[in-house]
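# Working through the structure, step by step
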Amino acid sequence: MHQVLPSLSWSGRWLLALAGVFFLVGCGKKKEAVVERDNTAEVKAYYAANPDFFRFATPADLPKDLEWENGADLPEIGSPAAKKGGTFYTFLQDYPRTLRHVGPDANGSFRPWLLDDVVVQWAWRHPTKTDVGPKGFHFFSGLASEWAIDKARKTVWVRIERNARWSDGVPITADDMLFAFYFWRSKYIQDPWYNNFYTTNFAGITRYDSHTFSITLPEDRPDMSERVLKLYPQPAHFFKELGDDFLERYQWRAVPTPGAYTILPEDIDKGRSITLTRVKDWWAKDKKNWRYRFNPDKIRFSVIRDTPKSFEAFKKGEIDFFNLSLAEYWYDKLPDSDPLVQAGLVQKNKFYQDFPRPTFGLWMNTSRPLLDNREVRVGIQYATNWQLVIDKFARGDWQRMQTGSDGYGEFTHPTLRSRPFSIEQALESFAKAGFTTRGPDGVLVNAKGERLSFQLTTGYEALKDVLTILREEALKAGVEFRIEVLDGTTAFKKLREKQHDISYTAFSVSPEMYPRYWEDSHSVNAYDNAFLPDGTVNPERKLKTQTNNVTSTALHALDQKIVAYDRSSGAEEMKKLAFEMEEMLYEHAAFSPGQVVPFMRTGSWRWIGYPEDFHVKLGKNFTEWMLFWVDEEKKKETLDARRTGATFPPVIRTYDQYKTKD
Amino acid sequence: MALNPLTVKKLRRFRSIRRGYVSFLVLAGLIVLSLFGELLINSRALAVSYEGRLHFPTYGANLPGTAFGLGYSYETNYRELKKKFEAEGLENWVLLPPFQFNAFENTPYQNVFKPAPPSFMGGPEGHLLGTDTTGRDIFARLFFGFRVAIFFALAFMTLTYVIGISVGCMMGYFGGVFDLIVQRLIEVWSNIPFLYMVIIIFSVIPSTLSIPARVAILLVVMVLFSWTSMTYYMRTATYREKARDYTSAAIVIGAGTGRIIFNHILPNTISTVVTFMPFTIVSAITAVTALDFLGFGLPAPTPSMGELLKQGTQTLTTAPWIVSSAFAALVFILTLVTFIGEAVREAFDPKKFTTYE
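All values derive from a computational prediction rather than experimental measurement.

Another aspect to go through is the overall build of chain B. Scanning chain B from N- to C-terminus turns up 14 helices and three strands. Oriented by its inertia axes, the alpha-carbon framework of chain B measures out at about 80 × 45 × 35 Å. For chain B, the proportion of contacts with a sequence separation of at least 24, taken over those separated by at least 6, is 65%. Element-wise, carbon and sulfur atoms account for 67% of the exposed surface of chain B, whose accessible area totals about 16,900 Å².

Right under this line is the structure:
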C-alpha cells in the first residue's frame, strides 16, 4: 500500500514522457502532411455524378407564382438599450477538443459557441411568437433576404442577402449551400449522422444564380419550411483542402462563420482559455432582429473544472454570470440575504420559459428480464415518488412531466397525466405479475424466488440525490433500485448499448413543431426484424444497439401509427395520431415521466445588462440568444462600490410572462 | 496459549507505552462497538411490545406496519409507532436505540432535503452531527462508514501480508534465478498505475453485481496492486535469517521448506512486518476514502467518509458541519492508528531485544 502514491507519480511521469513522445511524433507528421490541395474539381465531379440532387438552372426558371416573405413584421428581438463593447467573462468545465463543427468530438459542450447559438441560418424561428401559423412557424430573416414556400412542389426557395459575408470577408453565395450538402455527405468528415441525415431528408437542391437557390424535400411535412430555413451554408473556399486528413487538418482552425463571433488563433490557449471575438464590421450589425444581439466585443472562457470553484470565482467577480437553477445554489449558496445580493452588486433573476423540455425520467429497458412484464413496469411507475423529489429536493420549484412529449403546444396530449406515487396501486400491479410476498429485506419475491430488484443507472452526478430519494421510497412499495452513478459518457454509452435495466436520463429536445416517435419508439430501433410478416413477434429477433429506443419498445400497432405519422402532411391527422400513440405509450408504461424544470435562474453581476422582459420564450439558457450586454461604465462603478462599500438597490426578480399552468 | 517469552516482553513493553496502548484500547473498543452498531444507531426499535407479544426488530427480517396494526405493508416507522403507542396510553411500548436514524433514510429539514445543522447548533432533534445534502444522519453515516473502512482495511492488510510475506520469503529462501525473475516481475507489476486500473476495472465490471460483490472486487484490485512493497522487506530479512545456524540445523534435520519458512524463519522476521501493520491500515483507509472522494470507491449509497468529505467540500460555506465532522472523524481514526503504530514499532524494536550481534 505504501506503493500507491510513489507508483502513481512514477506512472504519471511515465505517461507524461509517453505523451511527450506522441506529441513530438504528431508535430513531425503534421508538418510533413501539409500539402496544398484544391478539391474544386472533385466537388464538381460529385455534383455531376448526382444530377438528380444537384440541379443547375437560370433565374428565368424561377416559378412566377411564388409568394415571397421575409418575416419583417415580426416583433424585434433584443433591447435597443443594449450597449456594444466590453468583455463577457465566463467559464468552461472542459476545454473544447476541437474547433471543427462535425466529426468525432465535435458534439461537445462548446459547440453552441462555435455553431448553434452563434451561426446565422437562412431564417430563424421567432423565439417569442411561437404559435403555428397557416404556413407553419413564424420565421425572421437571417442569411436569407426572403424566401418562398410551395407545399405542392415540396420546395422552399431562398434569396440570399446581397451583403452577407463570411467572417474572413468572402461573400456567401448559393454555391456555399450546394457545397454544404457535398460536405455533410462526405466520408471525409467521419460523421455518420450527418452523412445519413443529409442523404435521406432532402430530395434536391437547385441553383438559380449566385444568390438564389431552392431545396426540395421528399415529403411535404407541416414543418417543411423549418427543415430548409434551419440550414446554413458551409464555406467552400475554406474547405478546399477537404480530404482524408480532415480531422487533423481542421482540428484547431476556426471555421469562417456568417455569425458575429470568430476565434482568432492567438486566443486559443489550449487547456486554459479560449476567447470569441466580434467580427469587425459584421454584415448583419444593422439588420433587424440581429442589431441588438451579440453585444460584447469579446467572450472569454476560462477552464474551471469544479463547479463549487467556479461559483467562488463568480462571487469574486471573475466570472460575470452563474447559472443558479439548482435549488442548493438559489436558496443556500446565494440566498436573497447574501451581502452581494443585498448590496445590489449581484442580481438574481428567475425566468420561466416555454418549450419542449429534456425528457427527464426513468427509461425502463423492456428487453430485460422482469421489465418485459408490463405489470412490473406499471408497478414501478406507481412506486416512483417524483412528487417527493419535486417537493423536498427541488423545494417545490419543479413540475411533474406528464408525457414524453410535453411542451409541443397543440401536439401535446391535452388530458393524459402521469401515474402518481401510490404504494397500493404499485403492490396491486406487482401482485398481478406474481410478486406477492415480501422477502426479509422488504423486497417483493415471486414464486420462483426472484427478487424485484433493478439497477438504476444515471450519468448525472449532480442529480444522484434524486435517486437516493427514489430508492428509499420505492422500497416501501417492495421494489429495490440499485443505484449506479457513472460519468456522463459511460452512462450514455451503456444506455445506447441497451445494457441498462432502468436509466435516469434525459434526451434534449429542440423546439420543433411536433414530437418525434420514430427514434425512441419504433421497433426498427429496438430489434433487427422485430416482427414476422404477420405481425407476431419474431422469436429470433436480436437487440439493436446504438439507437435512441432505449426502452426497447417494439409494438406492431405502434409501428404502423409511427409510419403513418411520419408520412402525414395534415396537422390535424398528425395530432390525432400523436394522441393515440401517446396513449399506447402510456399503456406500455416503459417511460416514467420525471421532472420538468420550467425556468432558468441566474445570478449576474450588476454590469451585465439584459432586456426589460429578460429573455425570449424559447430561451433555454441565459446566453442562448445573446441578448445580454456588458456595461463598462457600470462595471467600473460596481467595482468601486464593492471597494468602498457603497450599495445599490437589490434586484431579485421573477419573470413569469411565459409560465405555463400545471 | 504459551507465548514466546520474547513476545511477552514485547507486549509488556507495548503496554507500558501509554499513548499507544490507550489508543489501541480505544480503537479496539470502537471496532467491537461497531459490530453492534445496529443496536446503537438504527431506525429500528430494540424491542416492541405489542398486544402482549415482544418483538425484537433489530436483526432479522423487516416487520411490516401491519404487524403493529398500522395501515401499510412496508417497514414499520418505529419512531412514529412509539409516538402512537404513547398517545394511546395502552400497554404497548417501543424501546428505541440511543440514536434513532439509520444511515440511509432521508429526513427533511424545514420541509426540504437539505443539510440540517447538528442538534447542539440548533438543528433538529436526534441528529447529533446534523445531516448531509439529502438529509441523511451524518453521525450514522460516519459510524457505519468507519465500520466499512476499518474492516475493509483489516481485510486488505491481511491479504496483502499473506501474499507479500509468502512471496517475499520464497524469494529470500530460494534466491538465485527464482529471486531474480520474481523481482523483475514485481518491478514490472508495481509500475502499473493503481488508480487507473481501479477506474478501468470499475468501468467494465457488470453493474448487475451486488454491493458486497463490488466491495470485494475493489478489495481484490487494491490487494493485487499493493502486495509488492512487502516482498522487499521480507526478502532481505529472509536472506539474513537463512544464513543463521538454526536454519541450517533445521535443514539438516530434514524439515520441509514450508516448515522452515513459516515455523523457523518467519517468527524471527515478523517484527519488521508488525511495525508496518498500522501504517498499512492508515494507507488503506486513506486510499478507500480517496477513491470514494473521486467517485470510484464503494458504490452508493454505502456510507463512507470519503463521500462525506466530497459533499463537504461542495458545501463548505453553507453546511460546514459536513466537512468538519468527516474530517475530524478521519483525523481521529488515523491518529489512533498512528499512535498504535509508533508504540508497536518501539515495542518490537529489534535493536532492543535481538540476541544476535
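With that out of the way, let us pick up the sheet that holds strand β27 (residues 599-605) of chain A. Strands in a sheet are paired, the pairing made by backbone hydrogen bonds, and the direction either parallel or antiparallel. All names here are of chain A. If you walk across this open sheet you meet the four strands as β14-β27-β15-β30, and the pairing is mixed. On the outer flanks of this sheet lie β14 (321-323) and β30 (652-655), each paired with one strand and no other. Strand-to-strand twist of the sheet, defined as the mean angle between neighbouring strand axes without regard to direction, takes the value 20 degrees.

Structurally, K476 of chain A can be placed in helix α14 (residues 464-476). Residue classification places K476 of chain A among the partly exposed positions, given a relative accessible area of 27%. Each residue touching K476 of chain A, except ones within four places of it in the same chain, is listed here: I423 and R438 of chain A together with Y74 of chain B.

The next subject is the pattern of salt bridges. All names here are of chain A. For the structure on display, the rule yields 59 salt bridges over all chains. One salt bridge connects D245 with R249, and the closest N-O pair in it is separated by 3.0 Å. D245 sits in the buried class, given a relative accessible area of 15%. For the salt bridge of K316 with E318, the shortest nitrogen-to-oxygen distance reads 3.2 Å. Among the residues examined, E318 registers a relative accessible area of 46% and is labelled partly exposed. Salt bridges sharing partners connect three or more residues here, namely R37, E241, D245, R249 and R253.

In this model, F614 of chain A sits at a positive phi of 70 degrees, which is unusual for a non-glycine residue. On the accessibility criterion, F614 of chain A (1% relative accessible area) is buried. Positive phi, normally seen in glycine, also occurs at N111 of chain B, with a value near 75 degrees. Within the fold, N111 of chain B resides in the loop between β3 (93-95) and α5 (138-174). For N111 of chain B, a relative accessible area of 55% gives the class exposed.

Let us look at helix α8 (residues 307-316) of chain A. Among the residues making up α8 of chain A, those that are buried are P308, S310, F311, A313 and F314 of chain A. Those residues of α8 of chain A hidden inside the fold are in contact with β3 (87-92), β14, α9 (327-333), β15 (346-352) and β27 of chain A together with α12 (305-314) of chain B.

This part takes up the side chain of S592 of chain A. Residues and elements named next belong to chain A. Relative to the helices and strands, S592 is located in strand β25 (residues 591-593). What makes S592 buried here is its relative accessible area of 0%. Among residues more than four places away in sequence, those in contact with S592 are G361, L362, M364, Q381, T384, W386 and R400.

Turning our attention to the confidence of the model for chain B. Per-residue confidence for chain B averages 86 on the pLDDT scale, and 96% of its residues sit at or above 70. Here helix α14 (residues 350-353) of chain B is the element of chain B with the lowest mean pLDDT, 61, and helix α2 (residues 18-35) of chain B is the one with the highest, 94.

All names here are of chain B. The topology assignment puts K82 in helix α4 (residues 78-88). With relative accessibility at 27%, the residue K82 sits in the partly exposed group. K82 sits 12 residues away from V94 along the chain, and the two C-alpha atoms are 5.3 Å apart. What K82 contacts, discounting residues up to four positions off in sequence, is V94 and L96.

Listed per partner, the contact involves 39 residues of chain A and 44 residues of chain B. For the pair chain A and chain B, the summed buried surface comes to about 3,500 Å²; carbon and sulfur atoms form 58% of the total. Seen at the junction of chain A and chain B, the total is one salt bridge. Across the salt bridge formed by K114 of chain B and D332 of chain A, the nearest N and O atoms sit 3.9 Å from each other. Seen at the junction of chain A and chain B, the total is five residue pairs in polar contact (both at pLDDT 80 or more). For the side of chain A that touches chain B, the secondary-structure elements that each account for two or more residues are α1 (4-33), α9, α12 (386-393), α13 (423-432), α14 and β21 (480-485) of chain A. Here the side of chain A that touches chain B gets seven residues from one element, more than from any other, and that element is α14 of chain A. The residue inventory of the side of chain A that touches chain B, partitioned by class, reads 13 nonpolar, eight polar and 18 charged.

This part takes up the pairing of strand β13 (residues 298-303) of chain A. The side chains of a regular strand alternate, residue by residue, between the two faces of the sheet. Residues and elements named next belong to chain A. Side chains of β13 alternate between two faces, with I299, F301 and V303 buried and K298, R300 and S302 left unburied. Here six bridges tie β3 to β13, and the two strands are oriented parallel to one another. By the bridge assignment for β13, F88 is matched with I299. One ladder, built from five bridges, connects strand β12 (residues 273-278) with β13; its direction is antiparallel. By the bridge assignment, L276 is partnered in β13 with I299.

With that settled, the discussion passes to the environment of S503 of chain A. Residues and elements named next belong to chain A. As for its placement among the helices and strands, S503 is situated in strand β22 (residues 502-505). Note on S503: relative accessible area 5%, which makes it buried. Taking the C-alpha atoms as reference, S503 lies 32 Å from G603; in sequence the two are 100 residues apart. Beyond its immediate chain neighbours, meaning those up to four positions away, S503 contacts G361, L362, W363, L456, T457 and L495.

Residue and element names in this part refer to chain A. Here six strands make up an open sheet; going across it, the order is β1-β8-β9-β7-β6-β2 and the pairing mixed. This sheet does not close on itself; its edge strands, each paired only once, are β1 (54-56) and β2 (68-69). Across five bridges, strand β7 (residues 155-160) lies against strand β9 (residues 212-216) in antiparallel orientation. Residue pairing for β9: R159 is matched across the bridge by T212. Those strands touched by helix α4 (residues 174-185) are β1, β7, β8 (204-209) and β9, and its axis lies near 155 degrees from that of β8.

What follows deals with the packing of aromatic side chains. Counting across every chain of the model gives 81 aromatic pairs over all chains. Considering the side-chain rings of W193 of chain A and Y194 of chain A, the 5.3 Å spacing of their centres and the 85 degrees angle between planes classify their relative orientation as edge-to-face. When its relative accessible area of 49% is taken as the criterion, W193 of chain A is described as partly exposed. Centroid distance Y233 of chain B to F276 of chain B: 4.5 Å. Interplanar angle 40 degrees. Geometry classified as tilted. With Y233 of chain B in helix α9 (residues 228-242) and F276 of chain B in helix α11 (residues 257-294), the pair connects residues that are 43 residues apart, well separated along the chain. The residue whose ring lies beneath R541 of chain A is Y527 of chain A, and the NZ or CZ to ring-centre distance is 3.9 Å.

How each quantity is defined
- Residues numbered from 1 in each chain as written.
- Chains lettered and ligands numbered in written order.
- Predicted model: local features only at pLDDT ≥ 70, side-chain atom pairs only at ≥ 80, totals over all residues.
- Heavy atoms only, no water.
- Helix = DSSP H or I, 4+ residues; strand = E, 2+ residues; numbered from the N terminus.
- Contact = heavy atoms within 4.5 Å.
- Areas by Shrake-Rupley, 256 points an atom, 1.4 Å probe, with all protein chains shown as cover.
- Pairing = 2+ DSSP bridges.
- Axes fitted to C-alpha atoms, helices over the stretch in contact; angles between N-to-C directions.
- Buried < 20%, exposed > 50% of the residue type's maximum accessible area, 1.4 Å probe, protein only.
- Salt bridge = Lys/Arg side-chain N within 4 Å of Asp/Glu carboxyl O.
- pLDDT = per-residue confidence, 0-100.
- Buried area = accessible area lost by both parts, 1.4 Å probe.
- Polar contact = N/O pair within 3.5 Å; in protein donor to acceptor, adjacent residues only side chain to side chain.
- Nonpolar A, V, L, I, M, F, W, Y, C, P; charged D, E, K, R; others polar.
- Phe/Tyr/Trp six-rings, centres within 6.5 Å; stacked < 30°, edge-to-face > 60°.
- Lys NZ or Arg CZ within 6 Å of the ring centre and 35° of its normal.

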